[in-house]
Amino acid sequence: LLQPVILSGGSGTRLWPLSRESYPKQFLSLTSEHTMLQETVRRLDGLADEHPREAIGLCDPIVVCNESHRFLVAEQFRVIGRRTADIILEPKGRNTAPALTLAAFAATRDGADPILLVMPADHTIRDEVGFRAAVADACQVAAAGFVVTFGIVPSKPETGYGYIRQGAPYALKDIQDGRAHRAFRLDAFVEKPDAQTASAYLAAGQYLWNSGIFVMRASLWLGLIERFRPEIARAAGDAYQSSQVDGDFRRADADCFARCPSDSIDYAVMEPLASAADTDLPGAVVVSLDVGWSDVGAWSALWEVRERDAAGNVLDGDAFVHNARNNLLIAHHRMLAAIGVEDLIVVETPDAVLVATQSSAQDVKAVTQFLQHEH
Ligand code: GDD
Ligand code: MG
């Protein structure tokens, strides 16, 4: 069985003013008529049919999200006629390692031990067929007892990503369609290196970005978190055991979860696993993913993945341009006219307007930091 786990706890502060704390980017329709959360579920459609030899039994997803977003999640699944296996609520986010630990306890509660497909709720993927083929390959590797990550060929020395050094090729059986979803042993994993290190990795070649999507058996994750971060395993385990079911939701126990240290999958498990010398540990494998992946981390990334007109403009809503190039203009409440401007991002909402240059898109988080101090 393949159990999707959707991590939906992020806040997407660099996509202000559309993404707000109460309504983060995974709940927005930024890249299609569906929201990014809905796309995360829909892009798995066809997996079992396209890869029958993998015998993938796809379960309804487990979603892990913040308490305050529970109705948004439930409603967005209802609208597309999809069900969830569980919606697990965190009273307060503790980053991705505790979130995945809660999901792994839920997935194994009836003595089952499915393969988990762990996915962020807020990424876009252009080639969905290619993505499903890579997932099918990853399932094969995970069934053999490995932790599987997906690697993206890096295009710039981005410091917000994890870097994976690929090692010897891992031989996949049954490559069905000639598509080489090459898999490699994972030789090193470095989360968020500094700019100098990231540049050195790019120059060295052999390094891939970690996409943030993972595949492994539920019991394997529980064993690894117990091994590397026993305090997280214990606190999240207690929070799950003492959780309360409330209609469609399962609420992690607030006191136990408050005791849980905050850490990411990458720092808590991937880095120590990749550098551990012990031979009794399972290995990790990276499957390369060349499918137009983006984590839509900032407005400039949205401009890159969206369709542009001949002058390079992305116009969403009621936007008019004249002599303007390479702008991202979003206006759904008032008309927006842009004349003679280049490389701008303008996002209009009823109560706030953002004007920024494409090159300063990463700095938009300064606004949310400012607002947090003000209010
Ligand atoms: N449920 C839950 N609870 N989900 C969370 C939490 C939490 O406390 N924190 C983050 N998430 C979700 C976010 O919604 C996002 O979809 C995903 O988990 C990843 O979290 P980020 O906070 O966006 O991680 P990151 O971008 O810093 O780094 C990760 O992703 C990169 C690729 O986008 C790492 O895996 C990097 O190695 C990777 O390169
Ligand atoms: Mg991210």
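What counts and what doesn't
Residues numbered from 1 in each chain as written. Chains lettered and ligands numbered in written order. Predicted model: local features only at pLDDT ≥ 70, side-chain atom pairs only at ≥ 80, totals over all residues. Heavy atoms only, no water. Pairing = 2+ DSSP bridges. Helix = DSSP H or I, 4+ residues; strand = E, 2+ residues; numbered from the N terminus. Axes fitted to C-alpha atoms, helices over the stretch in contact; angles between N-to-C directions. Salt bridge = Lys/Arg side-chain N within 4 Å of Asp/Glu carboxyl O. Buried < 20%, exposed > 50% of the residue type's maximum accessible area, 1.4 Å probe, protein only. Domains from an automatic or database assignment. Buried area = accessible area lost by both parts, 1.4 Å probe. Polar contact = N/O pair within 3.5 Å; in protein donor to acceptor, adjacent residues only side chain to side chain. Nonpolar A, V, L, I, M, F, W, Y, C, P; charged D, E, K, R; others polar.

The strand order across the open sheet built from four strands is E14-E15-E16-E17, with neighbouring strands paired in mixed fashion. Looking at strand neighbours, the two that pair on one side only are strand E14 (314-322) and strand E17 (353-357), the edges of this open sheet. The mean angle between the axes of side-by-side strands here comes to 20°, regardless of whether they run parallel or antiparallel. Alignment of strand E15 (residues 328-339) against strand E16 (residues 344-348), held across four bridges, turns out to be parallel. By the bridge assignment for E16, isoleucine 330 is matched with valine 347.

Here the focus is the pattern of salt bridges. Taken as a whole and assessed by the stated rule, the structure comprises 19 salt bridges. One salt bridge connects arginine 109 with aspartate 86, and the closest N-O pair in it is separated by 2.9 Å. In this pair, arginine 109 is assigned in the loop between helix H4 (96-107) and strand E4 (115-120) and aspartate 86 in strand E3 (residues 86-90), connecting sequence segments 23 residues apart. Arginine 109 gets classed as partly exposed once you look at its relative accessible area, which sits at 41%. Judged by its relative accessible area of 8%, aspartate 86 falls in the buried class. The salt bridge involving arginine 325 is made with glutamate 342; its shortest N-O contact spans 3.8 Å. Here the residue arginine 325 occupies a position in the loop between E14 and E15, and glutamate 342 occupies one in the loop between E15 and E16, the gap between them amounting to 17 residues. By relative accessible area, which is 46% here, glutamate 342 ends up partly exposed.

The domains assigned to the protein chain are domain 1 (2-294) and domain 2 (299-374). Between the C-alpha centres of domain 1 and domain 2 the distance comes to 30 Å. Carbon and sulfur atoms supply 65% of the area that domain 1 and domain 2 bury against each other, a total of about 1400 Å² over both sides. If you look at where domain 1 meets domain 2, you find one salt bridge. Arginine 20 is the salt-bridge partner of aspartate 351, the closest N and O atoms lying 2.9 Å from each other. At the surface where domain 1 touches domain 2, the tally comes to four residue pairs in polar contact (both at pLDDT 80 or more). Here the residues of the side of domain 1 that touches domain 2 are counted per class, giving five nonpolar, four polar and three charged.

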